[in-house]
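Fold and contact review
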Amino acid sequence: MNVIDARVMHHFPNGVPEGENVSHAVKRYHEVASLYEHPRQDDPVVYEVYTHDEGPKKPGNLLWGLTIMKPVDSNGECNMTRGHFHVDRNCTEYYFCLRGEGLLLLMDESGHTWAERMSEGSLHHIDGHLAHRCVNTSLTEELWIGACWPTVSGHDYESVEAREFGYRVKRNADGELVFEQRGESL
């Protein structure tokens, strides 16, 4: 019997996926500035995404990913990913927190928004009919989120742009988290 080495390695919890068919993308602030109520003037890296894509885009095949969210804010508003629904609403996804603390914002198709707390070891099942966005609530620590989802799911950013998540996540002057409903403060 022939034994071969794995073509991809992901050294938990502090390593990134490495090997064949692994892509790496860096998202800078200017690319997501429209998400924030009060934009900042500089252009830091806000998150990095590693994706392992194995095989054709067809039912049954999966993608493996890692997002590393930086501890930055935009004038008090916590760092967040763009957020999306899946094009194929029948496709679910798993997120798991490897490091750091944050929130997984979830929004149904009617706009109802809530959050799940993310912390090291937390596992999050995301129904295909829910938009999802990650928020790094720390100003000092990175938030590392692993993900596994179907290759055929697709990303529907347009629906989230048309109806944003119902809450903004901010820190007040005392450093406490504040959940501000769009249009009013809670």
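See the structure printed just above.
Attention here is on the structure that accompanies the text. Not measured: the values here are computed from a predicted model.

1. Thoughts on the nonpolar core
In this structure, Tyr-95, Leu-104, Met-118, Cys-134, Val-135 and Ile-145 are the most contacted members of the largest nonpolar core, which totals 33 residues. Mapped by element, the contributors of at least two residues to this core are helix 1 (29–32), strand 4 (45–53), strand 5 (62–69), strand 7 (77–80), strand 8 (93–99), strand 9 (101–107), strand 12 (131–136) and strand 13 (143–150). Not counting residues up to four positions away in its chain, the partners in contact with Met-118 are Tyr-95, Cys-97, Gly-100, Glu-101, Gly-102, Leu-103, Leu-104, His-124, Cys-134 and Ile-145. Of all hydrophobic cores here, the second largest spans 7 residues; its members include Leu-66, Ile-68, Phe-96 and Trp-144.

2. Some thoughts on empty space enclosed by the protein
Tallied over the entire structure, the rule returns 1 cavity of 30 Å³ or more. If you add up the space inside the largest cavity, you get close to 40 Å³. Along the walls of the largest cavity sit Glu-77, Met-80, Leu-105, Arg-133, Val-135, Tyr-167, Arg-168, Val-169 and Arg-182, which together make up its complete lining. Broken down by secondary-structure element, the contributors of at least two residues to the lining of the largest cavity are strand 7, strand 12 and strand 14 (167–171). Among the elements that make up the lining of the largest cavity, the one with the highest residue count is strand 14 (3 residues).

3. Some words on the side chain of Thr-137
Here Thr-137 shows up in the loop between strand 12 and strand 13. Relative accessible area serves as the criterion here: at 8%, Thr-137 is assigned to the buried category. If sequence neighbours within four positions are ignored, Thr-137 has contacts with Cys-78, Glu-101, Gly-102, Leu-103, Val-169, Arg-171 and Leu-177.

Rules of the game
- Residues numbered from 1 in each chain as written.
- Predicted model: local features only at pLDDT ≥ 70, side-chain atom pairs only at ≥ 80, totals over all residues.
- Heavy atoms only, no water.
- Core = buried A, V, L, I, M, F, W, Y, C linked by side-chain atoms within 4.5 Å.
- Buried < 20%, exposed > 50% of the residue type's maximum accessible area, 1.4 Å probe, protein only.
- Helix = DSSP H or I, 4+ residues; strand = E, 2+ residues; numbered from the N terminus.
- Contact = heavy atoms within 4.5 Å.
- 1 Å grid on protein atoms, 1.4 Å probe; cavity = no way out; pocket = protein on both sides within 12 Å on 5 of 7 lines; lining within 4 Å.
- Points joined across faces, edges and corners; volume = space filled by probe spheres on them.

Interpretation in functional terms is not warranted from these geometric data alone.
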